[in-house]
Structure formats: structure tokens, C-alpha cells
Amino acid sequence: MTNHGWLLLGVYFVLLLLLARPLGIYIANVMEGRGGWATRLGGGMERLIYRLCGIQRDQEMGWLSYALALLLFNGMGVVAVYGLQRLQVWLPLNPQQFPNVAPDSAFNTAISFVTNTNWQGYSGESTMSYLVQMLALTVQNFLSAATGIGVVIALIRGFCRHSAKTIGNAWVDLTRSTLYILLPLSVVLALALVSQGVIQNFDAYQTATTLEVTHYDAPKLDGDGQALKDAQGNGLTEPAATRQQTLAMGPVASQEAIKMLGTNGGGFFNANSAHPYENPTPLSNFLEMLAIFLIPGALCFTFGRMVGDGRQGWSLYVAMAVLFLVAAVGAMSFEQQGNPRLSDLGIDQSASATQAGGNMEGKESRFGIGDSGLFAAITTAASCGAVNGMHDSFTPLGGLVPLVLMQLGEVVFGGVGSGLYGMLVFAILGVFIAGLMIGRTPEYLGKKIEAYEMKMTSIAILITPLTVLAGAGVAVMVAAGQAGVANPGAHGFSEILYALTSAANNNGSAFAGLSANTPFYNLLLGIAMWVGRFGMIVPVLAMAGSLAGKKRLSVTVGTMPTHGPLFITLLIGTVLLVGLLNYVPALALGPVVEHLMLWAGR
């Protein structure tokens, strides 16, 4: 770690805390219908939405109705996004006349954006029209984030209420999350990004003449324009040169803002947040990193406010911060190390240890190693997936950190809403384990944790690793899965494991060495994204309904305090032991083996 790295981490944590706490209180107020000036300004729009959609905002739902409403709403979103992609050639705002997206890619993308994953097997600037980018992808960035906020608020209500049959109204929660939280924050961030140089327009793509001639290998085509291949099936190429460069345009800032604030990930351009039109300056890079954790961090304080005990929110925030600090320092430190294999090329070993300050391969030179390592840790601790560097080019242990952060269930701040409800699931498990150890009935925030809650907790915790490991096993066994691997061996396995981990945990980032835009991977990853998202949401809502119906227990001398250092330590231990143990054998076959091979010079 360099001095710059420590300073960057320190400034980041201070600003995050200064912004997250007041935002958390604001979120609690607006979600409970007492947002003050915000509800006075937006109240007319909120009432208009309810009137147009036939919503009775005072009519609350049980957990099953709430879950069915979210499943129906997001299912309709999948159909809408799929349809827009398949019809884009006939729709307006398509100045480049992009053709319709292939069925398998459209299926994968539709599920990806509805589940807050934003996995992209395509290059955005060469595939999607402006209309699809805005009406399909950007809209789902808002709605998928609002879904996560709605679920966590419903779970918090389960702790707050007693002897109740309802946990809120899904339509009201979706509306308020979008109107009062996501939309205003996105407008502010979009304007800040535009001030830094992020583009926002509807212009056709521009062609520029470069100062130097670019030489490259172009595919060799036959008379019908089809690519020629040799006897082994490899594509034939021929030398080519050009002095022309196409500059993609589009409404980028508006998508970039909600992409970060909603922990959606993906990007308008294939290069993602390494592209100068998405992320032009070190300041825009810092703002984007701050935006990723802003709402997830704030929701910890929302939790404390709504349950009537601010210490509960602080304990979750501190546990998340400790886990993240260790991961971020690890990622940044590993990337500061040089590649020992450079000595094989005749480079002095002492020089390779510094490697011009660290491992710059795959890093954007405008940001450097420290900012790229921190960005990688932030985006995978949250379910964001936006990247400003190539994770595939990280050192084995540097790449291990983002992989582990996802495999923990992305509860280290995590996605918008999903991070907090994931951490609360681990908190319930932690107090259950502690209760068994001391021979008392486990309870959390005055609610007994009984067999039903533990069944739902087990499903919520196990559904993701089961999806990841089963999917990775299928991919490495079948020819269609092996065909996408560009780096055979331990690194190739890591690429497959990363892809399934990213999909099932709704992250969306990739090692990028895996050719995943194939019918096999589009289908496999699409299924993993849907199961990973709603396979956890449904049991979480079931727990919310069960908890809301319980009576509140009085605090006694035997009640275990769920705040303070002891509980924070218990929570961190539960996350590490239960969340990570499922993946240890797979990690040993991938990044751990690769690290040992690298330092053994093999």
C-alpha cells in the first residue's frame, strides 16, 4: 500500500460516513410517509401515479402478496426489455441503424437488467440504440434498485411490527424509492458527471481523423462477406490500416448516474468506467466510487432509525466497514506487487518487484493501481459490477479479493437494499448460533428466532452458492462451456467461476477472458441471475411476514445485546465462516493454485 492508497481510503470512508448518515435518516422518513419537504414537493406526482395505476396506498399486503407483486412486476420488466431489443431496428432514436439483438443475447440482457445484475455479453455502443439504452436499460436500473429497497424496508417492518399480518405495500414502496430517493440523487450525480466531461446527447456517432495511421489485422472475407477460416477452424486475417476513428455518442451521464447509485453496473460503452466518456477524470472516478456505497451505507442508518435503536444500525455499518477495509487493503496491496515471471524474460528481479510501481496491466493509466484496486473492491462488495480496470489482468490474489467479496453474498455494504437484507440474514443466523451456545431461545430485536426463520435463512444463504457451484460444474463439463475459455488451466477455471459468481450474486462484472456471448452462456447465466435474485428475495419476505406476526419480547438480563464489539465480532465471524466456506474448494482450484504456480515460476 502506498501513501496515496491510504489517503484515498481515509478520505473515502470519511466522506461516505458524512453523507450516508443523513441520507439514511431521510430514507427512513420518506419510506414511512413523512418525508417533509420531499413529500410536499413530490406528493402530487406520487398521488397521480397511484391514481393512474389504481393503487390504494393505505391497503397493505401480507408477505406472499408482496412477493407475488414483485415477481409479477419484474417478470413484466423482462418481457418489456426483451421486446424492445428484438424490435429496435424499427424503433426511433437509432441513428446507427443497429439491427435487432439476437434472441439469446436479448434474453440474457433482459434478465440481467431486471435483476440488478447488468451483465453485458455485448458491446453497448455497437449493439444498443439510444432508445433501448434509455427506455429498457436505464429504466430497469431504477426499478431493479427500487425493488431491492422495497424488500429491505419490508424486512425492517417485520422487526418493527408485532402481531401484524402485513409488511407494507409493494407498489407504494417501489414508487417512493424511485421518486424520492433514486431519481433526485441521479439528477444531482448526472449533472456532476457532465461537469467533468461525461457526454449526454443524441448525436450520431462522429468520425475523426487520427494523427497517426493505425495498423491492425482485419478478418479475411469471401465474396459474400463471410469470414474465412483455415483447416483448423481459426479465422483468417489480413493486414489493414486506417486513419479514421469512430467516436460513439449518446445519453451517457443519465445512465451512468443510476448505474452507480443503484449498484447496477454495466455501462454504455464496452470499456465501462475505464472509458473517458463515462469516467473522464480522477474526480469523476471518486464520485462514482462514492455513489456505489452511498445508498447501501445509508440503509444501515435507516435500519437503526426505523427499529428505534440507532446502535443497531451502527453495529451493521461497522461490521461492513471492517470487512471492506481488509478486502480493499488486500486488493490494493496485491496489485502493488510486481509479477515475478518478469525475471523469466531477462528482467532483473529487483525491478520486477516494483514493476513501475506495481501491476499496471489492465489498469487505466489516468487512475493508476490504487484507484483501480479500490474500485474493484467497491464494485464487487456492492452488487454493482461497474469496472475501471480489467479484473482478468489482476494478480491471482488481487483477483481473488473481488471474487471472495461476491461469494460472501455481497453483504459488505452490498447492493441497494440487497446488501442490508443479506447482512440481516447473517445477523439472524449469528444470534441463533449464539443462542444455542448459551442454551437460550435465540432472539433478535425482541423477536424469537424459531424453526421457520431458520429454514428461510438456510434457503437464503444456500441458494446462491448452490447456483454458482452447480452452474460452474456444468460449464466445465460440457463442450459449449469449455469453448468459451481463452486461458486453459487454473485461470480459465477462475474465469468460469467468476462469471457464475457474478451472475448468481447479481454483480455483473467479469474477468472478461471468457467468451460468454454464446447461446449456452446466455441461457446458463440468465437462469443463474434470476434464481440468485428472487431465490433470496422470496425467503427474505417470508421471514419479514413471520417476524411481523410475532409478539415483541421484553429485554431481560439474559438478552444478548446485538450491538457493541461482541456482536460485531460474532457477525463478522458468521459471514466469513458460513458465507465463504462453501467456496473454499473452488477457490483452491482457481486463484490459489494460480498464485502458487506464478510464484513457483511455472
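What you see is a predicted model, and the numbers here were worked out from it, not measured in a lab. In this convention, every chain numbers its residues from 1, walking through the sequence in written order. A pLDDT threshold of at least 70 governs which residues receive local features in this predicted model, and a stricter bar of 80 or more applies before side-chain atom pairs are shown or counted, although totals over entire chains, interfaces and linings include all residues. With hydrogens and water excluded, all non-hydrogen atoms of the structure serve as input to the side-chain values.

On to the overall build of the chain, then. Only DSSP runs of H or I with at least four residues qualify as helices, and only runs of E with at least two residues qualify as strands; both kinds are numbered from the N terminus onward. Assigned secondary structure in the chain consists of 19 helices and four strands. Overall, the chain is about 75 × 60 × 45 Å in size when its C-alpha atoms are taken along their principal axes. Burial classes: relative accessible area under 20% of the type maximum marks a residue as buried, over 50% as exposed, and values in between as partly exposed (1.4 Å probe, protein chains only). Residue burial in the chain is summarised as follows: out of 602 residues, 56% are buried. When contacts within the chain are restricted to residue pairs at least 6 apart in sequence, long-range pairs at least 24 apart make up 79% of them. For accessible areas, the Shrake-Rupley method is used with a probe of radius 1.4 Å. Any residue's cover is judged against the shown protein chains and nothing else. Of the accessible surface of the chain, which amounts to about 23,900 Å², a share of 65% is contributed by carbon and sulfur atoms. Charge counting treats Lys and Arg as positive and Asp and Glu as negative, with His and both chain ends excluded. Here the site of a charge means NZ on Lys, CZ on Arg, CG on Asp, or CD on Glu. For the chain, the distance from the average site of its 29 positive side-chain charges to the average site of its 31 negative ones is 18 Å. Contacts are assigned to residue pairs with any non-hydrogen atoms lying within 4.5 Å of each other.

Our next topic: the side chain of Gln140. With respect to the element layout, Gln140 can be found in helix H5 (residues 130–160). For Gln140, a relative accessible area of 7% gives the class buried. With near-sequence residues (within four places) excluded, Gln140 lies in contact with Gly77, Val81, Phe113, Val114, Ala145 and Asn264.

Once that is clear, we can look at the packing of aromatic side chains. Two rings from Phe, Tyr or Trp (for Trp, the six-membered ring) form a pair when their centres are within 6.5 Å of each other. A pair whose planes differ by under 30 degrees is stacked, one over 60 is edge-to-face, and the rest are tilted. Overall, the coordinates contain 23 aromatic pairs when judged by the stated rule. Between Phe301 and Trp314, the aromatic rings sit 4.9 Å apart at their centres with planes inclined by 80 degrees, giving edge-to-face as the arrangement. Within this pair, whereas Phe301 is found in helix H8 (residues 282–307), its partner Trp314 is found in helix H9 (residues 310–336), the two being separated by 13 residues in sequence. Given the relative accessible area of 34%, Trp314 is considered partly exposed. Following the ring pairs from residue to residue traces out a cluster consisting of Tyr12, Phe13, Phe286, Phe293, Phe301, Trp314, Tyr317, Phe324 and Phe413.

What follows deals with the packing of H5 against H8. Geometry is summarised by axes, namely lines fitted to C-alpha atoms with helices restricted to the contacting stretch, and by angles between N-to-C directions that run from 0 to 180 degrees. The geometry of H5 relative to H8 is characterised by a closest axis approach of 10 Å and an angle of 25 degrees between their N-to-C directions. The orientation of H5 relative to H8 falls into the category roughly parallel. Crossing geometry of H5 relative to H8 is assigned as right-handed. Mapping the contact onto sequence places Ile149, Val152, Ile153, Ile156, Arg157, Phe159 and Cys160 in H5 and Ile295, Leu299, Thr302, Phe303, Met306 and Val307 in H8. Amino acids are sorted into nonpolar (Ala, Val, Leu, Ile, Met, Phe, Trp, Tyr, Cys and Pro), charged (Asp, Glu, Lys and Arg) and polar (every other residue, Gly among them). Taken together, the residues that form the contact of H5 with H8 break down as eleven nonpolar, one polar and one charged. An angle counts as roughly parallel when it lies under 35 degrees, as roughly antiparallel when it exceeds 145, as roughly perpendicular when it falls between 65 and 115, and as oblique in every other case. Here a crossing is called left-handed whenever its near helix is offset anticlockwise from the far helix by less than a right angle, and right-handed whenever the offset is clockwise.

Counting buried positions over the ten residues of helix H7 (residues 252–261) gives nine, a clear majority of the element. Along H7, the positions that sit buried rather than exposed are Val252, Ala253, Gln255, Glu256, Ala257, Ile258, Lys259, Met260 and Leu261. Contacts made by the buried residues of H7 are with H5, helix H6 (170–196), H8 and helix H11 (368–381). Downstream of H7 by one or two residues, Thr263 has phi in the positive range, about 45 degrees.

In this section: the side chain of Ser144. Its place among the elements puts Ser144 in helix H5. Setting aside chain neighbours within four positions, we find Ser144 in contact with Phe113, Val114, Asn116, Asn264 and Arg533.

What follows covers the pattern of salt bridges. What makes a salt bridge here is a side-chain nitrogen of Lys or Arg within 4 Å of a carboxyl oxygen of Asp or Glu, nothing more. Throughout the structure, instances matching the rule amount to eleven salt bridges. In this structure, Glu32 and Arg34 form a salt bridge, with 2.2 Å as the shortest nitrogen-oxygen distance. Assessed through its relative accessible area of 33%, Glu32 is described here as partly exposed. Where Lys550 meets Glu453, a salt bridge forms, and the shortest distance between an N and an O atom there is 3.6 Å. Placement of Lys550 in the loop between helix H17 (519–548) and helix H18 (565–581) and of Glu453 in helix H14 (residues 451–477) is noted, with a sequence separation of 97 residues between them. Like Glu453, Lys550 is buried. Each of Glu256, Lys259 and Glu278 takes part in salt bridges that share partners, so that together they form one network.

With that out of the way, let us pick up the nonpolar core. Counting residues in each nonpolar core, the largest one holds 171 residues, and the members touching the most others are Phe293, Phe324 and Tyr444. Setting aside chain neighbours within four positions, we find Phe324 in contact with Leu9, Phe13, Phe293, Leu374, Ala377, Ile378, Ala381, Val412 and Phe413. Remark: nonpolar core denotes a set of buried residues (Ala, Val, Leu, Ile, Met, Phe, Trp, Tyr, Cys) joined through side-chain atoms within 4.5 Å.

The next subject is the confidence of the model for the chain. Think of pLDDT as the predictor's per-residue confidence, scored from 0 to 100. Taken as a whole, the chain shows an average pLDDT of 89; of its residues, 95% reach a score of 70 or greater. Per-residue pLDDT stays below 50 along residues 349–354; that stretch engages in eight contacts with residues further than four places along the chain or on separate chains.

Residues Leu7, Val11, Val14, Leu15, Leu18 and Leu19 make up a contiguous nonpolar surface patch of roughly 530 Å² in combined accessible area. Tracing the chain through its elements places Leu19 in helix H1 (residues 3–31). A patch consists of residues exposed above 30% relative accessible area that lack any salt bridge, with like charges linked at up to 9 Å and nonpolar side chains (Val, Leu, Ile, Met, Phe, Trp, Tyr) linked at up to 5 Å.

Let us look at unusual backbone geometry. If you check the backbone angles, Asn116 has positive phi at about 70 degrees while not being a glycine. Here Asn116 lies in the loop between helix H4 (103–114) and H5. By relative accessible area, which is 2% here, Asn116 ends up buried. Positive phi, close to 45 degrees, is recorded for Thr263, a residue that is not glycine. Looking at where Thr263 falls in the secondary structure, it is placed in the loop between H7 and H8.

This part takes up the environment of Asp230. Examined against the element boundaries, Asp230 turns out to sit in the loop between strand E1 (206–219) and strand E2 (237–247). Of the residues examined, Asp230 reaches a relative accessible area of 29% and is grouped as partly exposed. Spatially, the C-alpha atoms of Asp230 and Thr178 are 54 Å apart, while their sequence positions differ by 52 residues.

What counts as a disulfide here is a pair of cysteine sulfur atoms lying within 2.5 Å. Taken as a whole, this structure holds zero disulfides when the rule is applied. Counting only cysteine sulfurs, Cys300 is the nearest neighbor of Cys384, a cysteine outside any disulfide, at a range of 17 Å.

Attention shifts here to the packing of helix H2 (residues 37–53) against H6. Where H2 contacts H6, the two axes come as close as 11 Å, and the packing angle between them is 135 degrees. If you check the angle between H2 and H6, you find them oblique. Here the hand of the crossing between H2 and H6 comes out right-handed. Contacts between H2 and H6 involve Ala38, Thr39, Gly42, Gly43, Met45, Glu46, Ile49 and Tyr50 from the first element and Val172, Thr175, Arg176, Leu179 and Tyr180 from the second. Here the residues of the contact of H2 with H6 sort into seven nonpolar, four polar and two charged.

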